[in-house]
Amino acid sequence: MSFNELIVNGGLETGTFPPWTASDASVTFEYSHSGFFAARLTGGNINAFIFQYVPVDPGKKFEFLISLAKIGALPGPPVSISISYYDSAFNFLGIGLILNVPTDRLPNVNENNWLEIYQITDSVPSGTTQALVNINKLPQAVSADIVVDDISLLEVEGVGATGSTGPQGATGPTGATGVQGVTGVTGATGVQGVTGVTGPTGATGVQGVTGVTGVTGPTGATGAQGVTGPTGATGVQGVTGVTGPTGATGAQGVTGVTGATGVQGVTGVTGPTGATGAQGVTGVTGPTGATGVQGV
């Protein structure tokens, strides 16, 4: 008989997530259940998770193991763990396991305490080719980060079929009844085992679809524009002010220097004197006028 581990990098010992897919999570070396590393999922009012697809065969069952703890004194958030079965086209075929860790059920890793979970899955349905292993830290305000380590999904191999029952042998002679021995002292009642952790509350259902928004009503008609009021009368024009006195005439500027008289040109040649015309007839001498009054 042998065990086949289906989870890859279940202890995060590569120091990275692949092939895990993670959201709001990191690989830490501050805390670990074994080895050197673990996954740290962010607390508070957010959804943090890691998940991985692993190949599986129909008809199989698996052993699932995981170690969980919270970091510090804040309340531990609720945690949901699920293993779901799918075909090669990622059609959902069934659930193999659902675990729920309620609020504040995780021990404080700073006190070197871990919650170790061991569960057997339901059988893989016909047509299944892969399983989705999902560790989901659910939202809760003012809650601690959690650490996850040593995630394992084991397939048991090599268990042979039960053979057919052989023929019953002849019944031997009945021996003499021996002397009944003394009844031994009743042993002390064993210590009662620790009560297992109550499973976490199931994941919150999907929120219903928001109803269709109603049609916006028509815009009302624009009201009539009011009448424009009359224009007011133009005011009386004010009296024109008195014209101020004319300012004094400014001083006359200095007369510029008279330029030099240019050179007189050469006098031209005097032309010939023309011929004297004929003397006209002397006119008649008029009568002598009266002698005027002698002055003082």
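Residues numbered from 1 in each chain as written. Predicted model: local features only at pLDDT ≥ 70, side-chain atom pairs only at ≥ 80, totals over all residues. Heavy atoms only, no water.

Trainee: Can you explain the overall build of the chain? Please cite residues and give values.
Mentor: In terms of regular secondary structure, the chain is built from zero helices and 11 strands. Taken from the N to the C terminus, the helices and strands of the chain come in the order β-β-β-β-β-β-β-β-β-β-β. A separation threshold of at least 6 residues defines the contact pool for the chain, and within that pool the share at least 24 residues apart is 78%. Surface exposure of the chain reaches about 21,500 Å², of which carbon and sulfur atoms provide 56%. (Helix = DSSP H or I, 4+ residues; strand = E, 2+ residues; numbered from the N terminus. Contact = heavy atoms within 4.5 Å. Areas by Shrake-Rupley, 256 points an atom, 1.4 Å probe, with all protein chains shown as cover.)

Trainee: Could you give me a rundown of the sheet that holds strand β8 (residues 92-101), with the residues and numbers involved?
Mentor: Sheet architecture is open: five strands sit in the order β2-β5-β10-β7-β8, paired in antiparallel fashion. Among the strands making up the open sheet, the edge pair consists of β2 (21-23) and β8. Recorded for the sheet is a direction-independent mean angle of 15 degrees between the axes of neighbouring strands. The pairing of strand β7 (residues 79-86) with strand β10 (residues 130-137) spans eight bridges and is classified as antiparallel. Paired with Ile 83 across the strands is Val 133, a residue of β10. (Pairing = 2+ DSSP bridges. Axes fitted to C-alpha atoms, helices over the stretch in contact; angles between N-to-C directions.)

Trainee: If you had to explain the pattern of salt bridges to someone new, which residues and values would you point to?
Mentor: Tallied over the entire structure, the rule returns four salt bridges. In this structure, Asp 104 and Lys 70 form a salt bridge, with 3.5 Å as the shortest nitrogen-oxygen distance. Of this pair, Asp 104 sits in the loop between β8 and β9 (115-120) while Lys 70 sits in strand β6 (residues 62-70), and the two are 34 residues apart along the sequence. A residue is classified by how much of its surface remains accessible, and Lys 70, at 8% relative accessible area, is buried. Sharing partners across several salt bridges, the network here consists of Glu 30, Arg 40 and Asp 145. (Salt bridge = Lys/Arg side-chain N within 4 Å of Asp/Glu carboxyl O. Buried < 20%, exposed > 50% of the residue type's maximum accessible area, 1.4 Å probe, protein only.)

Trainee: Give a description of the packing of aromatic side chains that names residues and reports values.
Mentor: For the structure shown, the criterion picks out five aromatic pairs. Measuring from ring centre to ring centre gives 6.2 Å for Tyr 53 and Tyr 86, while their planes differ by 70 degrees; the resulting arrangement is edge-to-face. With Tyr 53 in strand β5 (residues 48-55) and Tyr 86 in strand β7, this pair connects stretches of sequence that are 33 residues apart. Take Tyr 53: its relative accessible area is 35%, and that puts it in the partly exposed class. (Phe/Tyr/Trp six-rings, centres within 6.5 Å; stacked < 30°, edge-to-face > 60°.)

Trainee: Can you explain unusual backbone geometry? Please cite residues and give values.
Mentor: Between Pro 18 and the following residue, Pro 19, the backbone shows a cis peptide bond with an omega angle of 10 degrees. Relative to the helices and strands, Pro 19 resides in the loop between β1 (2-5) and β2. Positive phi is not limited to glycine here, since Asp 104 has a value of about 60 degrees. The phi dihedral of Asn 112 is positive, around 60 degrees, even though this residue is not glycine. With respect to the helices, strands and loops of the structure, Asn 112 is situated in the loop between β8 and β9. In this structure Asn 112 comes out as exposed when scored by relative accessible area, which is 69%.

Trainee: I'd like to hear about the pairing of β7, residue by residue, with values.
Mentor: Taken across its eight residues, β7 has eight buried, putting it largely inside the fold. Here β7 shows no split at all, with Val 79, Ile 81, Ile 83 and Tyr 85 on one side and Ser 80, Ser 82, Ser 84 and Tyr 86 on the other all buried. Here eight bridges tie β7 to β8, and the two strands are oriented antiparallel to one another. Paired with Ser 84 across the two strands is Ile 95, which belongs to β8.

Trainee: Describe the environment of Ala 38, naming the residues involved and giving the relevant values.
Mentor: Relative to the helices and strands, Ala 38 resides in strand β4 (residues 38-41). For Ala 38, a relative accessible area of 0% corresponds to the buried category. Measuring from C-alpha to C-alpha, the distance between Ala 38 and Asp 150 comes to 8.0 Å, with 112 residues separating the pair along the chain. Ignoring anything within four residues of it in the chain, the contact list for Ala 38 reads Leu 12, Ser 26, Val 27, Thr 28, Tyr 31, Ser 32, Val 148 and Asp 149.

Trainee: Kindly report on the side chain of Lys 70, identifying the contributing residues and their values.
Mentor: A distance of 3.5 Å separates polar atoms of two side chains, one belonging to Lys 70 and the other to Asp 104. The residues touching Lys 70, leaving out its near neighbours within four places in the chain, are Pro 75, Gly 76, Asp 104, Leu 106, Pro 107, Asn 108, Val 109, Ala 144, Asp 145 and Ile 146. (Polar contact = N/O pair within 3.5 Å; in protein donor to acceptor, adjacent residues only side chain to side chain.)

Trainee: If you had to explain a nonpolar patch on the surface to someone new, which residues and values would you point to?
Mentor: Taken together, the side chains of Phe 92, Ile 95 and Ile 98 present a nonpolar region at the surface, about 290 Å² in accessible area. Within the secondary structure layout, Ile 98 lies in strand β8. (Patch = residues over 30% accessible without salt bridge, like charges linked within 9 Å, V, L, I, M, F, W, Y side chains within 5 Å.)

Trainee: Can you tell me about the nonpolar core, naming the residues and giving the values?
Mentor: Phe 64 and Ile 135 are the most contacted members of the largest nonpolar core, which has 33 residues in total. When contributions to this core are tallied by element, the ones reaching two or more residues are β4, β5, β6, β7, β8, β9, β10 and β11 (146-157). What Phe 64 contacts, discounting residues up to four positions off in sequence, is Ile 81, Ile 83, Leu 97, Leu 99, Ile 117, Tyr 118, Gln 119, Val 133, Ile 151, Ser 152 and Leu 153. Residues Ile 71, Val 109, Trp 114 and Val 147 belong to the second largest nonpolar core, which totals six residues. (Core = buried A, V, L, I, M, F, W, Y, C linked by side-chain atoms within 4.5 Å.)

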